[in-house]
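Read off the chains here:
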Amino acid sequence: KVLIGGFITTFNSVVVNNIARLNTDGSLDSAFATGTGVNSTVRKFIVQPDGKILVGGEFSTFNGGAKTRLMRLNADGSNDASFVTGTINSNVKDIIRHDDGKIVIVGSFTTINGTTRNRAARLNADGSLDTSFDPGIGFAQDVLTVTALPDGKYLVGGIFTTASGLSRNRIARLRSNGSLDPKFLSGLGPIGNSAPQIRTIVPHNGKYLIGGQFETYNTSGRTGLLLMKNTSKVPVDFDGDGITDVSIARHEGGTGPWHWWIKYSSNDEILNFDYGIFTVDGLQPGDFDGDGRTDIAVWRGRAATDSPCGYWITFSSTNQTKFIQFGQESDRNVLEDYDGDGKDDMAIYRVPQTTIGQGTWIYRGSLNNPSGNLTYVPFGMRYGDQAANQTDDIYPGDFDGDGRADFRIQRAIDLTSQTGSTPAVFYTMNSVTGKISYDYFGWASDRTIPGDYDGDGKTDIAISRGFNITCASCVTTWYIRYSGGAPDAQFVWGAGGLDNFVQGDYDGDGTTDVAVYRRGGENNYYIRRSSDQALQIMQWGAAVEPAGPASDVPIAVYNNR
């Protein structure tokens, strides 16, 4: 049989008041007795396994009694009195039901029975509010559709342009607890000349059909319909498909411009261009405009009379190039998203070069900062003036999963006498609370290789040993402390000094893959895919480098500290 709803007062001259059921031949099912029906539009039905029916919409009464926007009917059309939601103060646009009976609703409402829930909420099977799901600030405009994802998260669409106070253009991803997932790759989203919106999200072969009212999506022409992946923000993703692209920058024997070679993972298109100067510019790709694609960028760290230190950025959304003066010589780059708006922020770490003193993180936030004001965070130090290694190493990342980069440094436990095997301690400052925590892990001489290796949305502590030793039998050993609670991992991946670290998400599963790039005649990516733990080898760069061995530098190397 078929349920019908909407804004319909009669069916074949029989009063139904917006809700009815039809027999298989299309005739009205008179056994479905809803009395006087509902007083306004019905937007969504869900038939439960027990035959009961969830109904959502814009109504405030059912069969003469108060029922605000969500109710459950028995199979015969009568009210199920065991399902009680209280008052929902505005319309319900979409409903999904989980196998455990819990129900997610979205719409234009802002409270559930007096409790704030801005346009998204989860209910228990009896209709009571599930307090473990809370979107916080939530959405400023209507949410029109919601889809549950296999990992427990939710994809939502609508007419909104902000979520949790951050720019989110009509599509966003929520975590299982209702909070905004800031790593969802939404980019510029749908754009149109007349009220752009997303009205439906349908799972399809591991991807999602998005339907609505728009003319473009992330600057690509798409009229009202597109197929997209459930992608997360990943490093070195120039085509915005949620997969790290293989890419190198080549220098000519230690001089000249950087020659960039990029291969899009989405369609194998190859880009080749010159950008930056090898002797003065560091590779600093990042998503500075928030369109979901990595922008071409370098940081000029050697000042000259006509060229101060700063970022050269070509924005992928506009293809415009801009220089922004920032930093000074001897600063170290710590590019991350420090204000949680989905855009990478220009950032450096500054510490005295020869004297004992305070280290300072300096970033230029992109959120509500039209004047380009700088934020200074004192954290870290130089604790000796005799050796280059008498200073903290930097290790930025999002360690609590709130979408904002935190501040972390690696320090030798013994500050007076260091050897290669002096144990290390990691100190972390939370970017919101300022609270400092610490972890004892590895040696002070270990290289840090940040990434989310367990896919929980948090940066893990990851270090390597043996990375700087070159010999026929040398290997690189990785050590990872997972933030998700799994036991610490130790394994060999790489051949010591022959390799650069290029960790990234090469299989698009939202988890950082262990990876190295072997130069000196091979120029191969050796990737351990997190999705299946299989080895993937990708060759990129010149087998015989025109400027001599090691003149091809992987772009992803910027992400190692």
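A brief structural summary. For clarity, every value in this text was computed on a predicted model and none was experimentally measured.

**A short note on the pattern of salt bridges**
Considering all chains together, one arrives at 24 salt bridges under this definition. The partner of D142 in a salt bridge is R119, with the nearest N and O atoms 3.8 Å apart. Pair noted here: D142 is in the loop between β14 (120-123) and β15 (143-148) and R119 is in the loop between β13 (115-116) and β14, with a separation of 23 residues, a long-range link. Salt bridges sharing common partners tie together K1, R21 and D29.

**Observations regarding the sheet that holds strand β27 (residues 255-263)**
Taken in spatial order, the four strands line up as β28-β27-β26-β49 in an open sheet, and their pairing is antiparallel. Two strands close off the open sheet at either side, each with one partner strand: β28 (270-277) and β49 (552-554). Here the average twist between neighbouring strands, direction ignored, is 25°. Where strand β26 (residues 246-252) and β49 come together, three bridges link them in antiparallel fashion.

**As for the nonpolar core**
Ranked by internal contacts, the top residues of the largest apolar core, which has 37 residues, are F238, W260, F288, Y311, I313, Y506 and Y525. Secondary structure elements with two or more residues in this core: β26, β27, β30 (296-300), β31 (310-314), β34 (346-350), β46 (514-518) and β47 (524-528). Counting residues per element, this core draws most heavily on β30, which supplies four residues. Beyond its immediate chain neighbours, meaning those up to four positions away, I313 contacts Y275, F288, D295, I296, A297, Q320, T321, K322, I324 and M346. Counting 21 residues, the second largest nonpolar core, distinct from the first, contains I461, I463, F467 and Y482.

**Describing unusual backbone geometry**
Positive phi is not limited to glycine here, since R170 has a value of about 70°. By the secondary structure assignment, R170 is in the loop between β18 (166-167) and β19 (171-174). For R170, a relative accessible area of 14% puts it in the buried group.

**Quick notes on the packing of aromatic side chains**
Two aromatic rings, taken as a pair, are described by how far apart their centres are and by the angle between their planes. Taken as a whole, this structure holds 23 aromatic pairs when the rule is applied. A ring pair is formed by Y349 and W361, whose centres lie 5.5 Å apart and whose planes are at 65°; its orientation type is edge-to-face. One end of the pair, Y349, is in strand β34; the other, W361, is in strand β35 (residues 357-364), and twelve residues separate them in sequence. Of the two residues, Y349 and W361, neither departs from the other in class, the shared state being buried. Their ring planes at 85° and their centres at 6.4 Å tell us that Y453 and W478 sit as a pair that is edge-to-face. Taken together, the residues Y453 in the loop between β41 (447-448) and β42 (461-465) and W478 in strand β43 (residues 477-481) connect sequence positions 25 residues apart. Given the relative accessible area of 0%, W478 is considered buried. Taken together, the ring pairs connect Y338, Y349, W361, Y363 and F407 into an aromatic cluster. Between the NZ or CZ atom of R465 and the centre of the ring of W443, over which it lies, the distance is 3.6 Å.

**A closer look at the state of the cysteines**
For the coordinates displayed, the defined rule picks out one disulfide. The disulfide bridge from C471 ends at C474, spanning 2.0 Å between sulfur atoms. Handedness of the C471-C474 disulfide follows from its S-S torsion of about 115°: it is right-handed.

**Side note on a nonpolar patch on the surface**
On the surface, a cluster of nonpolar side chains totalling about 350 Å² of accessible area is made up of I413, Y438 and Y440. With respect to the secondary-structure elements, I413 resides in the loop between β38 (407-412) and β39 (423-429).

**Some points on the side chain of T41**
Following the sequence through the fold, T41 ends up in the loop between β4 (19-22) and β5 (42-47). Exposure remark for T41: the relative accessible area of 11% places this residue in the buried category. Excluding its chain neighbours within four sequence positions, the residues that come into contact with T41 are G6, F7, G57, E58 and F59.

**Quick notes on the sheet that holds strand β21 (residues 197-204)**
Strand order in the open sheet made by the three strands is β21-β22-β25, with antiparallel pairing throughout. Across the chains shown, the open sheet's two edge strands, defined by having one partner strand only, are β21 and β25 (225-228). Ignoring which end each strand starts from, the neighbouring axes of this sheet average 25° apart.

Calculation notes
Residues numbered from 1 in each chain as written. Predicted model: local features only at pLDDT ≥ 70, side-chain atom pairs only at ≥ 80, totals over all residues. Heavy atoms only, no water. Salt bridge = Lys/Arg side-chain N within 4 Å of Asp/Glu carboxyl O. Helix = DSSP H or I, 4+ residues; strand = E, 2+ residues; numbered from the N terminus. Pairing = 2+ DSSP bridges. Axes fitted to C-alpha atoms, helices over the stretch in contact; angles between N-to-C directions. Core = buried A, V, L, I, M, F, W, Y, C linked by side-chain atoms within 4.5 Å. Buried < 20%, exposed > 50% of the residue type's maximum accessible area, 1.4 Å probe, protein only. Contact = heavy atoms within 4.5 Å. Phe/Tyr/Trp six-rings, centres within 6.5 Å; stacked < 30°, edge-to-face > 60°. Lys NZ or Arg CZ within 6 Å of the ring centre and 35° of its normal. Disulfide = S-S within 2.5 Å. Patch = residues over 30% accessible without salt bridge, like charges linked within 9 Å, V, L, I, M, F, W, Y side chains within 5 Å. Areas by Shrake-Rupley, 256 points an atom, 1.4 Å probe, with all protein chains shown as cover.

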